[in-house]
Amino acid sequence: MKLLKLVPDHTNIDFVRLRGWAFGLTLLLSVLAVGVTFYKGLNFGVDFEGGLMIEERFATPPDLDRLRDVVDAQGLGEASLQQFGDPRTLTIRLPVQEGADEGATNAAVKKVETAIGQAFPGATFSRYSTISGKVSGELIRNGVLAVVLAVLGIGLFAIVRFEWQFGVSTIAAIVHDLVMTLGFFALTQFEFDLNIVAAVLTIIGYSINDKIVIDDRIRENMRRYRKMDMREIVNLSVNETLPRTVMTSVTILLALAALLFLGGHVLRGFTAAMILGIVVGTYSSIYVSSSLLITLGLRADPALEKVKASAIDNAERVAPRTPRS
């Protein structure tokens, strides 16, 4: 039986030749992602904002103004409505209820559910979640801390495992992946909650796994071909690992596509983040991180260059001076 090959043998794509265009595209997309994130902001879930979130499914897409009036009339605070997955499914957010215990929260949910059921026949209650403002602040701090520590730890590992250029390029690639993910969520307004933080950490793990494989091959080829130009070494290494990179990405994307279409709307944001992360992470490993090593001045055998420079310097010091005539 013939094995499936997504990338032909002896593939020789000149990735480094396009690094100028890749850097320009990366910078442009990163600036746009940061701009969209600051302009539109993230649609934080109850995990990060605090309050009460009720999910309701309607028989037909409801009139949002009428729905808002019905919920506001219950005296629970100003309601915020958000479509969730499709026009018939909406999330209703209410402020944190002062002094609200579990019984008071259940009473508020029941009150809203009853009012919506009377105004919109056929509406069904799906779920609700609640969290205090203090806990939401702690979750934001812990989530940001987890991401920052993960990025710094991975960069430090790359510096210790390889050279400092690998650490810098690794951090640059991961930051690029994070910025693109935030921009995507700001643009689509998918709910950003703890599940998305888990997706972001998973994206970081996949990105660094793919990058370490390429970096390790680059280091092997640096030792094997010490006289080869660094551009050729990077191209050779990326092409040698390309079948593995493509096969891994495609198989993961197939599983995520099934989860996106069959996993329900609850997992839609998480799955969308993972799909974007796989695509962006693969791109950054090939075009951003690997090509950045050349810009940072990595050489095939830096230790050998230092020895040669030291030998030349010592020879100049001990060389006899020619007497003047």
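Only a predicted model underlies this, so the values are computations on that prediction, with no experimental measurement involved.

Draft legend 1. Fine view of the confidence of the model for the protein. With 78% of its residues at a pLDDT of 70 or more, the protein shows a mean pLDDT of 76. Predicted confidence in the protein is weakest over helix α10 (residues 302-318), with a mean pLDDT of 48, and strongest over helix α1 (residues 19-40), with 87. Predicted confidence for residues 303-309 stays below pLDDT 50, and this span has 0 contacts to residues more than four positions away or in other chains. Between residues 315-319, whose pLDDT stays under 50, and residues either more than four places distant or in other chains, the model counts 0 contacts.

Draft legend 2. Highlighting the pairing of strand β2 (residues 51-57). Most of β2 is tucked away, with 6 of its 7 residues classed as buried. Taken together, the 6 bridges between β2 and strand β4 (residues 86-94) define a ladder with antiparallel strand orientation. Within β4, the residue paired with Glu56 across the bridge is Leu90.

Draft legend 3. Highlighting the nonpolar core. One finds Leu67, Val71, Ile116 and Phe120 to be the most contacted residues of the largest nonpolar core, which totals 20 residues. Secondary structure elements with two or more residues in this core: β2, α3 (64-72), β4 and α4 (102-119). Counting residues per element, this core draws most heavily on α4, which supplies 6 residues. Discounting residues that sit within four places of it in the chain, Leu67 has contacts with Phe58, Pro62, Leu81, Leu90, Ile116 and Phe120. Membership of the second largest hydrophobic core comes to 19 residues, among which are Leu178, Ile203, Ile204 and Tyr206.

Calculation rules
Residues numbered from 1 in each chain as written. Predicted model: local features only at pLDDT ≥ 70, side-chain atom pairs only at ≥ 80, totals over all residues. Heavy atoms only, no water. pLDDT = per-residue confidence, 0-100. Helix = DSSP H or I, 4+ residues; strand = E, 2+ residues; numbered from the N terminus. Contact = heavy atoms within 4.5 Å. Buried < 20%, exposed > 50% of the residue type's maximum accessible area, 1.4 Å probe, protein only. Pairing = 2+ DSSP bridges. Core = buried A, V, L, I, M, F, W, Y, C linked by side-chain atoms within 4.5 Å.

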